[in-house]
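A look at the structure
Below, each chain spelled out in residue letters.
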Amino acid sequence: MRLSFLGTGYLGATYAACFAELGYDVLGYDVDEAKISRLAAGEAPFHEPGLDDLLRRNLAAGRLRFTTSMDEVAGFADVHFICVGTPQRPDGMSADLTYVESVVTALAPRLTRRALIVGKSTVPVGTAAWVEQLVAKHADPGLGIEVAWSPEFLQEGFAVDDVLRPSRIVVGTHSEWAREQLHAAHKGVFDLAATEDRDVPVVVTDFATAELVKVAANAFLATKISFINAMAEVCEVAGGDVTLLARAIGYDRRIGNRFLQAGLGFGGGCLPKDIRAFQARAQELGAGEALRFLHEVDLINMRRRGRALTLAAELLNRPVGPAGADLSGTTIAVLGVTFKPNSDDVRDAPSLAVASALAAAGADVRVYDPQGMPNARQEQPFLTYAPSLTACVTDVSLVVVATEWAEFRNADPVLLGDLVAARLVIDGRNCLDPAQWHRAGWTYRGMGRPPL
């Protein structure tokens, strides 16, 4: 069986390399010639641990190729995976399905034999049925082209393992033939699991449920993150410590401790836009009331970014007036611009938003990130980008840890204390050891934690 992955962004490129590693013949497609050239040279256009090695190994083995030709894709593959982006529309909260429509209408009329088109992109419920209509309109009806939906569950920074060793596989199909094709397309995953004595749960369901699984999972995770950040707000006025609170409730197996880390909130290319699109689609279907809570989830998330600005003003003894904080004349180091560590993704990153807000308040802001600065420069060119951690913090009035990179978590507060102009630190991710930093002479402030 030969596979194609339509769209070679974060999702498609990772899947293409991993399935080639599993032994499949794989063709990746994109309209972006520069991206395809980089991938064909064995270089991912984004940072994901382990991915470049997979690309180079499977390109050399001849199992993996990349192209900008849809004619080549149509003639090559038996199963075509849709992996294009579904960003938030500029005129509202809904998902923009332009890229989905573009690849389907380009592929369908070029197919000359029976094939399966499988959606992996995160989409509003009802999209798979719409794609079926597009295929019926544009493909030769005598070929028996079918559609299925199988959502992805990748975590940036862990995506290679998430593809090779998935926590579950969800497939929405309309026929036994489509289920057999999808099983064959994942046989390499099942074989690897068997050699490692693991099970891979498979959920076979209808289109609507398959589409809802990913957005429901993201909505739940976003809610859990915003819940603990709401508790951080309460702790800040009540004098509690949200990290101890989270630890205590996390021991309850019904709750669990994952995603209970209070901080600057969530970001990235998935959770923010997915919960907004979910709300918009529910409203269209007449079930908007069911997801009203997601609006508050979003608001809590955005408020945490503003809290970092308030803390900065407090530590620097600066007034906060009707127009906000006045930080003019201060120099602030922001450590981290990506939305999470082990990634170069700055889309909707709370860290970059905080850096921008500090600069807008008049501060001279320096930033440093191990991987994300090239992308951050494109988004916020007016910030100052330091070449190293030490260069970033030298002579600054305040340090803000905004992304929990290991380099920042493990930094020596004594060494950094000798470089700064004032030993003031905001732990925007509650990832530092407060006692250690306090012993080194720092005034430490965490999110939802009382002052030491």
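This section reports on the structure supplied with the text. (Residues numbered from 1 in each chain as written. Predicted model: local features only at pLDDT ≥ 70, side-chain atom pairs only at ≥ 80, totals over all residues. Heavy atoms only, no water.)

1. Digging into helix α5 (residues 98-107)
Worth spelling out the cut-off: Think of it in three bands: residues with accessible area under 20% of the maximum for their type are buried, residues over 50% are exposed, and the middle band is partly exposed, with areas taken using a 1.4 Å probe on protein chains only. In DSSP terms, a helix is any run of H or I states spanning at least four residues, a strand is any run of E spanning at least two, and both are numbered starting from the N terminus. The directions considered for the arc run from the helix axis to the C-beta atoms. When checking whether two residues touch, look at their non-hydrogen atoms; a contact exists if any pair is within 4.5 Å.
Residues of α5 that are buried: V100, V103, V104 and L107. Seen along its axis, α5 keeps its buried residues to an arc of 95 degrees; they face one direction. Buried positions along α5 lie against β1 (2-6), α4 (70-76), β4 (79-82), β5 (116-119) and α6 (127-138).

2. Side note on the packing of helix α10 (residues 207-238) against helix α12 (residues 271-284)
Quick reminder of the rule: Interaxial angles span 0 to 180 degrees and are taken between N-to-C directions of axes, which are lines fitted to C-alpha atoms, for helices over the stretch in contact. Comment on the angle field: the value is read as roughly parallel under 35 degrees, roughly antiparallel over 145, roughly perpendicular from 65 to 115, and oblique elsewhere. The sense of a crossing depends on the near helix, which, turned anticlockwise from the far helix by less than a right angle, makes the crossing left-handed and, turned clockwise, makes it right-handed. Gly is placed with the polar residues, together with every amino acid not listed as nonpolar (Ala, Val, Leu, Ile, Met, Phe, Trp, Tyr, Cys and Pro) or charged (Asp, Glu, Lys and Arg).
The contact between α10 and α12 brings their axes to 9 Å, and the two run at 115 degrees. By the criterion of interaxial angle, the relationship of α10 to α12 is roughly perpendicular. When the axes of α10 and α12 are compared, the crossing they make is left-handed. Seen from α10, the contacting residues are L212, V215, A216, N218, A219, L221, A222 and I225; seen from α12, they are L271, D274, I275 and F278. Its residues placed into classes, the contact of α10 with α12 shows ten nonpolar, one polar and one charged.

3. Remarks on the packing of aromatic side chains
What counts here: What counts as a ring pair is set by centres within 6.5 Å for rings of Phe, Tyr and Trp (its six-membered ring), and what kind of pair is set by the plane angle: stacked under 30 degrees, edge-to-face over 60, tilted for all other angles. Consider the ring centre and the ring normal. A charge sits over the ring if Lys NZ or Arg CZ is within 6 Å of that centre and within 35 degrees of that normal.
Under the defined criterion, the tally for this structure stands at nine aromatic pairs. A centroid spacing of 4.9 Å and a plane angle of 10 degrees characterise the contact between F5 and F81, whose relative ring orientation is stacked. Of the two residues, F5 sits in strand β1 while F81 sits in strand β4, which places them 76 residues apart along the sequence. A single burial state applies to F5 and to F81, both of which are buried. Through a chain of ring-to-ring contacts, three or more aromatic side chains come together here, namely F5, Y15, F19, Y24 and F81. Of note, R114 hangs over the ring of W177, and the distance from its end group to the ring centre comes to 3.8 Å.

4. Some points on the sheet that holds strand β11 (residues 331-335)
By way of backbone hydrogen bonds, the strands of a sheet pair with one another, either parallel or antiparallel. Condition: Pairing between strands requires that DSSP locate at least two bridges from one strand to the other.
The six strands are arranged β13-β12-β11-β14-β15-β16 in an open sheet whose pairing can be described as parallel. Two strands in the sheet have a free side with no partner beyond their single neighbour: β13 (384-385) and β16 (443-446). As paired strands, strand β15 (residues 424-427) and β16 are joined by four bridges and run parallel to one another. Its bridge partner lying in β16, V425 is registered against Y444.

5. So, the pattern of salt bridges
Definition in use: Salt bridges are identified by distance alone: a Lys or Arg side-chain nitrogen within 4 Å of an Asp or Glu carboxyl oxygen.
Per the counting criterion, the structure on display carries 33 salt bridges. A salt bridge links D30 to K35; the nearest nitrogen and oxygen atoms lie 3.5 Å apart. Taking relative accessible area as the criterion, D30 reaches 10% and is therefore assigned buried. R445 is paired through a salt bridge with E314; the nearest N and O atoms lie 3.5 Å apart. Taken as a pair, R445 in strand β16 and E314 in helix α13 (residues 293-315) lie far apart in primary sequence, 131 residues in all. Here the salt bridges do not stand alone but share partners, grouping E236, R304, R307, E314 and R445 into one network.

6. Some details on the state of the cysteines
The criterion, for reference: Whenever a pair of cysteine sulfur atoms sits within 2.5 Å, that pair is classed as a disulfide.
One pass over the structure, following the stated rule, counts zero disulfides. This cysteine, C18, is not joined by any disulfide, and C83 carries the nearest cysteine sulfur, 12 Å off. The cysteine C392 is free of any disulfide, with C431 supplying the nearest cysteine sulfur at 14 Å. Among the residues examined, C392 registers a relative accessible area of 0% and is labelled buried.

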